[in-house]
Amino acid sequence: MTHPSPASPALRPVVLDVWCELQCPDCRTALDDVAALRERYGDALAIQLRHFPLEKHKHALAAAQAFEEAFAQGAAWPYAEAVLARVEDLDRQGEQLLIDVARQLGLDADEMDTALIDGRHLLIVDSDQAEGRAIGVTGTPTYVIGGELLDGSKTQEGLRDRITAIADTLITPQT
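Residues numbered from 1 in each chain as written. Predicted model: local features only at pLDDT ≥ 70, side-chain atom pairs only at ≥ 80, totals over all residues. Heavy atoms only, no water.

J.: Would you mind showing me how to read the pairing of strand 3 (residues 142–145) here?
T.: Each regular strand shows side chains that alternate between the opposite faces of the sheet. Both faces of strand 3 are covered, namely the face carrying Thr142 and Val144 and the face carrying Tyr143 and Ile145. As paired strands, strand 1 (residues 14–20) and strand 3 are joined by 4 bridges and run antiparallel to one another. Bridging from a neighbouring strand, valine 18 pairs with tyrosine 143 of strand 3. Pairing of strand 3 with strand 4 (residues 148–151) involves 4 bridges; the strand directions are antiparallel. Looking across to strand 4, one finds that isoleucine 145 is bridged to glutamate 148. Linking strand 3 back to strand 4 in an antiparallel pair, the connection comprises 2 residues, with glycine 146 at a positive phi of about 55 degrees. (Buried < 20%, exposed > 50% of the residue type's maximum accessible area, 1.4 Å probe, protein only. Helix = DSSP H or I, 4+ residues; strand = E, 2+ residues; numbered from the N terminus. Pairing = 2+ DSSP bridges.)

Shown next as structure tokens:
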């Protein structure tokens, strides 16, 4: 009997791209859906935050870069959740809040500050945003799973159920 290799499609998780921006109140609301999906599928569903900073939020681009620095320091999702919990503060305090959140999470706040100044993560953010535009993302949150784009920027009602229905068809139960 042969066993699938680690590169086998059967062993790769299904990917859910969450097009998000960290100054978006709707993205904060979407965290409940993301948490429920994580709990339901565990490692079988790879949830990836993709950047789509909106021009109407003046600190969204910096927040996206700060997320990438938090990712580099090993705390991507906790950082995203902490910043999204304080979108109003981010609007008022700007980049200082991004550095403060890093410090509160035990990250290297000086390195976060340096990353925001030198723009080392800007290429990743720009690349995500360009890809998002190319596939039809117009607002946040927007989800892509199984080749289907689900726009939550107007309403998130029913999206978790739709994502679950798609994921259920793509994720084979492990026996």
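There is more to say, and it comes next.
J.: Mind showing me how you'd approach the confidence of the model for the chain here?
T.: Any segment with low pLDDT has predicted coordinates that should not be analysed in fine detail. Of all residues in the chain, 92% attain a pLDDT of 70 or more, and the chain-wide mean is 90. Under a pLDDT of 50 for its full length, residues 1–9 has, in the predicted model, 4 contacts with residues more than four places off or in other chains. (pLDDT = per-residue confidence, 0-100. Contact = heavy atoms within 4.5 Å.)

J.: Which parts of the structure should I look at to understand the sheet that holds strand 2 (residues 45–51)?
T.: Strand pairing in a sheet relies on backbone hydrogen bonds. The paired strands run either parallel or antiparallel. The strand order across the open sheet built from 4 strands is 2-1-3-4, with neighbouring strands paired in mixed fashion. Each edge of the sheet is formed by a strand with only one pairing partner; in this case those strands are strand 2 and strand 4. Each strand of the sheet is rotated relative to its neighbour by a mean of 20 degrees, with strand direction disregarded. (Axes fitted to C-alpha atoms, helices over the stretch in contact; angles between N-to-C directions.)

J.: Looking at this structure, I do not really get the nonpolar core. What am I missing?
T.: Nonpolar side chains in soluble globular proteins generally cluster together in the buried interior. Ranked by size, the top nonpolar core spans 46 residues in total, and within it Leu16, Leu22, Leu45, Tyr79, Leu98 and Ile145 carry the most contacts. Those residues in contact with leucine 45 that lie beyond four places of it in its chain are Pro13, Val14, Val15, Leu16, Leu37, Ile145 and Ile171. Counting residues in hydrophobic clusters, the runner-up holds 5 residues, among them Trp19, Leu54, Val137 and Val144. (Core = buried A, V, L, I, M, F, W, Y, C linked by side-chain atoms within 4.5 Å.)

J.: Even after reading the chapter, I still don't get the pattern of salt bridges, so can you show me in this structure?
T.: Evaluated as defined, the whole model comprises 14 salt bridges. Here aspartate 128 ties to arginine 50 by a salt bridge, and the two come within 3.0 Å at their closest N and O atoms. Of this pair, aspartate 128 sits in helix 7 (residues 122–135) while arginine 50 is found in strand 2, placing the two residues 78 residues apart along the sequence. Note on accessibility: aspartate 128 and arginine 50 belong to one class, buried. Put simply, aspartate 89 and arginine 86 hold a salt bridge, and the shortest N to O gap is 3.1 Å. (Salt bridge = Lys/Arg side-chain N within 4 Å of Asp/Glu carboxyl O.)

J.: Explanation requested: the side chain of serine 153 in the structure shown.
T.: Take serine 153: it is sitting in the loop between strand 4 and helix 8 (159–170). When neighbours within four sequence positions are excluded, serine 153 is seen to be in contact with Asp26, Gly139, Thr140 and Pro141.

J.: Can you help me understand helix 6 (residues 109–118) in this one?
T.: One turn of the α-helix equals 3.6 residues, which is why residues spaced by three or four share an orientation. Of the positions making up helix 6, those classed as buried are Ala109, Met112, Ala115 and Leu116. The buried residues of helix 6 occupy an angular sector of 115 degrees when projected down its axis, which confines them to one face. Relative to its buried face, helix 6 has exposed residues pointing more than 90 degrees away, namely Asp110 and Ile117. Close packing links the buried residues of helix 6 with helix 2 (60–72), helix 3 (76–84) and helix 5 (95–104). The N-terminus of helix 6 is capped by aspartate 108, whose side-chain oxygen sits 3.1 Å from the backbone nitrogen of aspartate 110. (Arc of directions from axis to C-beta. Polar contact = N/O pair within 3.5 Å; in protein donor to acceptor, adjacent residues only side chain to side chain.)

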